[in-house]
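The chain contents come next:
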Amino acid sequence: MEFDVILSKISRETESICSYEFRRADGSPVADYMPGSNITILLPNGMVRTYSLTDAGVKPDALRIAVLNQAVGRGGSRFIHQNLKPGDVLRVRGIANSFSLHETARRHILVAGGIGVTPILSLAKHLESIGADFEVHYAARSRREAAFVDILARVPFKDKVTFYFDDEQQRIDLDGILSSFVSGTAVYCCGPSSLMNNVTSKSGHWPEGSVRLDSFEPLDGNADDQAFTVKLASTGQIFDIPPGKSILRVLRDHGVCVGSQCEQGVCGACLTPILEGRPDHRDRVLSESEKRANDLMALCCSRSLTKSLVLDM
Ligand code: FES
């Protein structure tokens, strides 16, 4: 669903992170949303970027995100920092959730790295509101560069938050946090790939589904990506997918309508059934067992391990 919002407030959190608050342009209230949700902003320069909402999602008065101005990046965050101002009207898609809480978990371990604190903050606020058992581990390069440190030091659940700042020689002890799996525990991590890879490797002995990851880092292609073809079962049309171009982009270039939201492999809006071929899954939506089943793929980022794929569309 797309709707217009007005940028109602910008707050500086750190030298390179600002919070942005949006209200619906038609004046209607923001509907409740699930903790860990995100919105996708259609920027005036044509870029499409997805950001986590920082609130718990119950009776929200506005939609709030935090954006790190990435000097080396694809330019979306830089555009936001340099160009957006209060009063601007923007189109957004959402609200979507790809980082939901484990429904049956009795204990929750939240791990944030840098700007990855945004969805973790949302989850923590919600868990606190329902009286859940949880703890937050928040790692950043320095206190000065970490968003929401002041907020997290004041919240009612501040005793459940542990900070780790590189420049204060504090290292997050993932071995200690993840070494033993206790039944009914779920882990959530959002941060840079290095942190998420670490969490993944140190939680390899945890049951599938008990570790949830969220990231909005761009999904870069691989240097050895190969071309392949995609056939649409309904029309028989065949499209060449070259290296460096997604299936989604090629189909759209040829007038095929494909739904999408984040276009970064995190929301699941472009998941499409596969009839033949083996996809090279690169999304962060499907679980490992769903990827092994090979019956759905994300057209915005995944490629093919076989010379051709047949899509059920
Ligand atoms: S559009 Fe979000 S996963 Fe593809």
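Please refer to the structure higher up on the page.
Draft legend 1. Spotlight on unusual backbone geometry. A cis amide bond links Gly 94 to the next residue, Ile 95, at an omega of 5 degrees. In this structure, Ile 95 sits in strand E6 (residues 89-97). If you check the backbone angles, Gln 169 has positive phi at about 55 degrees while not being a glycine. Backbone geometry at Asn 294 places phi at a positive 55 degrees, although glycine is not the residue there.

Draft legend 2. Structural view of the sheet that holds strand E11 (residues 211-214). Ordered in space as E9-E8-E7-E10-E11, the five strands form an open sheet in which the pairing is parallel. Two strands close off the open sheet at either side, each with one partner strand: strand E9 (161-165) and E11. Pairwise comparison of adjacent strand axes, ignoring direction, gives a mean angle of 15 degrees for this sheet. Sheet contacts for helix H2 (residues 117-129): strand E7 (107-113), strand E8 (133-140), strand E10 (185-190) and E11; angle to E7, the most-contacted strand, approximately 155 degrees. Helix-sheet contacts for helix H5 (residues 193-202) involve E7, E10 and E11, and the interaxial angle to E10 is about 160 degrees.

Draft legend 3. Region of interest: the layout of surface pockets. Its boundaries defined by the atoms lining it, the largest pocket holds a volume of some 1,100 Å³. Along the walls of the largest pocket sit 43 residues, with Leu 68, Gly 113, Gly 114, Ile 115 and Pro 192 positioned nearest its centre. Residue assignment for the lining of the largest pocket shows that the elements contributing at least two residues are strand E4 (48-52), strand E5 (63-68), helix H1 (76-83), H2, E8 and H5. Residues that form the lining of the largest pocket fall into these classes: 18 nonpolar, 18 polar and seven charged. Formed jointly, the lining of the largest pocket draws a minimum of three residues from each of two domains, domain 1 (2-96) and domain 2 (107-214). What the second largest pocket holds in volume is close to 830 Å³. Every element with two or more residues in the lining of the second largest pocket is listed here: H5, E11 and helix H7 (288-293). The element best represented in the lining of the second largest pocket is H5, accounting for four residues.

Draft legend 4. Just the packing of aromatic side chains, in detail. Within this structure, the stated rule accounts for five aromatic pairs. Their ring planes at 85 degrees and their centres at 6.2 Å tell us that Phe 99 and Tyr 188 sit as a pair that is edge-to-face. Taken together, the positions of Phe 99 in the loop between E6 and E7 and Tyr 188 in strand E10 put the pair 89 residues apart, joining distant regions of the chain. Here the two residues Phe 99 and Tyr 188 agree in accessibility, since each one is buried.

Draft legend 5. Up close: the environment of Asn 294. Structurally, Asn 294 can be placed in the loop between H7 and strand E16 (296-298). Taking the C-alpha atoms as reference points, Asn 294 and Glu 276, 18 residues apart in sequence, are found 9.2 Å from one another. Discounting chain neighbours no more than four positions away, the residues touching Asn 294 are Ile 274, Arg 278, Pro 279 and His 281.

Draft legend 6. Spatial organisation of the sheet that holds strand E14 (residues 271-276). Spatial ordering of the open sheet is given by E13-E12-E18-E14-E16, a layout of five strands whose pairing is mixed. Sheet topology places strand E13 (238-241) and E16 at the edges, where each strand pairs with a single neighbour. Geometrically, the sheet is characterised by an average inter-axis angle of 40 degrees between neighbouring strands, direction not taken into account. Bridge count between E14 and strand E18 (residues 308-311): two bridges; the pairing is antiparallel. In the sheet register, Ile 274 faces E18, and the bridge partner there is Leu 311.

About the cut-offs
- Residues numbered from 1 in each chain as written.
- Predicted model: local features only at pLDDT ≥ 70, side-chain atom pairs only at ≥ 80, totals over all residues.
- Heavy atoms only, no water.
- Helix = DSSP H or I, 4+ residues; strand = E, 2+ residues; numbered from the N terminus.
- Pairing = 2+ DSSP bridges.
- Axes fitted to C-alpha atoms, helices over the stretch in contact; angles between N-to-C directions.
- Contact = heavy atoms within 4.5 Å.
- 1 Å grid on protein atoms, 1.4 Å probe; cavity = no way out; pocket = protein on both sides within 12 Å on 5 of 7 lines; lining within 4 Å.
- Points joined across faces, edges and corners; volume = space filled by probe spheres on them.
- Nonpolar A, V, L, I, M, F, W, Y, C, P; charged D, E, K, R; others polar.
- Domains from an automatic or database assignment.
- Phe/Tyr/Trp six-rings, centres within 6.5 Å; stacked < 30°, edge-to-face > 60°.
- Buried < 20%, exposed > 50% of the residue type's maximum accessible area, 1.4 Å probe, protein only.

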